[in-house]
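Commentary on secondary and tertiary structure
Letter by letter, the chains look like this.
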Amino acid sequence: MTYFEVFGLPPKLQLDTAALEKSFYRLSREFHPDRFASKPAEEQAAATEKSSLLNDAYRTLRDPIRRTEYLLETEGVELEEQSVKATERARAAGEQKKQIVPPDLLEEAFELNMQLEELKMAKAGGDDDPQLRKDLEAAKANFTGLLHASQKQLEAEWTSWDAAVDTGDNGAKDAAKDEMVALLNRRSYLRNLVRDVHAALE
Amino acid sequence: MAYSDKVVDHYENPRNVGTLDKSSAEVGTGLVGAPECGDVMRLQIKVNPETQVIEDAKFKTFGCGSAIASSSLATEWVKGKTVAEALSISNTEIVKELALPPVKIHCSVLAEDAIRAAIGDWKKKNNVAEAEPALAGASA
């Protein structure tokens, strides 16, 4: 049973989280251990299992990113696996692999890491460069902005995915899947950068 | 997680850290990133225009020990090879050499990507077609 099926939902990504919450509370009451206290042990165990599945399903589906990742997982997409396969294809074809992280973002990330290293060294040496700190604050704001923008782009892909589910258009489904994989990768890259800058500025 | 001795060695004494002149026609630069961990790796090669032998290689990697070791090893391996030979280096060889655990395979993939990206950049600068063997005779 998929997490979508737990809530009787189709495998779509645009989701009414308020309605999801309501269903969650209703189903939670239904499987609440107290209601099975006087029931046979097997029934109690079954209710506990359902209750735990329900909790996992709710926690996953209410979070937009985890929901997308989960859907891709049920579709057989493994983000890391894809990267390894793409490298193997590039080697076989004698071509360059298409990078998931766009070149300009990589340039920025590299530059940012150089600055972070500088700041760490300055800190270790006992001084704090205010200009460097300012630059890093600006970089953090920039990457946070990109992170938010990627979320919007991801939501646009949800619309494409949901429409393709309705029409049963497998080509469109695959296209949306590929886009979502690329966006999730980009996102996790940005998130790591923001985290690193944040840690260095602490 | 315990790193293998080879990873520790490359991490503590990284080979060929540094920068080559990006604007030189003989230099190819590859900049790649791993979304899983936020690593970013720059690998540069300097190619002899006559022989197409990679005479020098430098790298700078921000990332975990395995990513640093993978790129350090990659620079060691490409040095002295022709461009065509360097293209045959695979991530599985890096995994084997460094005894990387499965969770660190993406670091070796990144290093292979960096080699290919650097060579791709050099080819572009020197008008060598992508899939074409870089040097006639070196491909056999």
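Residues numbered from 1 in each chain as written. Chains lettered and ligands numbered in written order. Predicted model: local features only at pLDDT ≥ 70, side-chain atom pairs only at ≥ 80, totals over all residues. Heavy atoms only, no water.

**Thoughts on unusual backbone geometry**
Residue and element names in this part refer to chain B. Positive phi, normally seen in glycine, also occurs at Asn 16, with a value near 60 degrees. Of note in this structure, Asn 127 is not a glycine but carries a positive phi near 55 degrees. Secondary-structure assignment places Asn 127 in the segment after helix H5 (105-125). The exposed category is assigned to Asn 127, whose relative accessible area is 72%. (Helix = DSSP H or I, 4+ residues; strand = E, 2+ residues; numbered from the N terminus. Buried < 20%, exposed > 50% of the residue type's maximum accessible area, 1.4 Å probe, protein only.)

**Details of the interface of chain A and chain B**
The interface of chain A with chain B comprises 26 residues on the first partner and 32 residues on the second. Taken together, the links from chain A to chain B amount to two salt bridges. A salt bridge links A:Glu117 to B:Lys60; the shortest N-O distance between them is 3.1 Å. Across the contact surface, chain A and chain B share three residue pairs in polar contact (both at pLDDT 80 or more). When residues of the side of chain A that touches chain B are traced back to their parent elements, those giving at least two are helix H5 (79-93), helix H6 (103-124) and helix H8 (170-201) of chain A. Each residue belonging to the side of chain A that touches chain B can be placed in one class, and the counts come to ten nonpolar, nine polar and seven charged. (Contact = heavy atoms within 4.5 Å. Salt bridge = Lys/Arg side-chain N within 4 Å of Asp/Glu carboxyl O. Polar contact = N/O pair within 3.5 Å; in protein donor to acceptor, adjacent residues only side chain to side chain. Nonpolar A, V, L, I, M, F, W, Y, C, P; charged D, E, K, R; others polar.)

**Overview of the packing of helix H7 (residues 130-167) of chain A against H8(A)**
Relative placement of two packed helices is described by the angle separating their axes and the distance separating the axes. All names here are of chain A. The contact between H7 and H8 brings their axes to 8 Å, and the two run at 160 degrees. One finds that H7 runs roughly antiparallel with respect to H8. Like other packed secondary-structure pairs, H7 and H8 cross with a definite hand, here left-handed. When the residues that make up the contact of H7 with H8 are grouped by side-chain class, the tally is 19 nonpolar, six polar and ten charged. (Axes fitted to C-alpha atoms, helices over the stretch in contact; angles between N-to-C directions. Parallel < 35°, antiparallel > 145°, perpendicular 65-115°, else oblique. Left-handed = near helix turned anticlockwise from the far one by under 90°.)

**A word on the pattern of salt bridges**
Within this structure, the stated rule accounts for 13 salt bridges over all chains. Close ionic contact of A:Lys12 with A:Asp166 constitutes a salt bridge, the shortest N to O distance being 2.6 Å. Here the residue A:Lys12 occupies a position in the loop between helix H1 (3-6) and helix H2 (17-30), and A:Asp166 occupies one in helix H7, the gap between them amounting to 154 residues. Judged by relative accessible area, which is 56%, A:Asp166 ranks as exposed. A salt bridge links B:Arg116 to B:Glu112, with the shortest nitrogen-to-oxygen separation between them at 3.3 Å.

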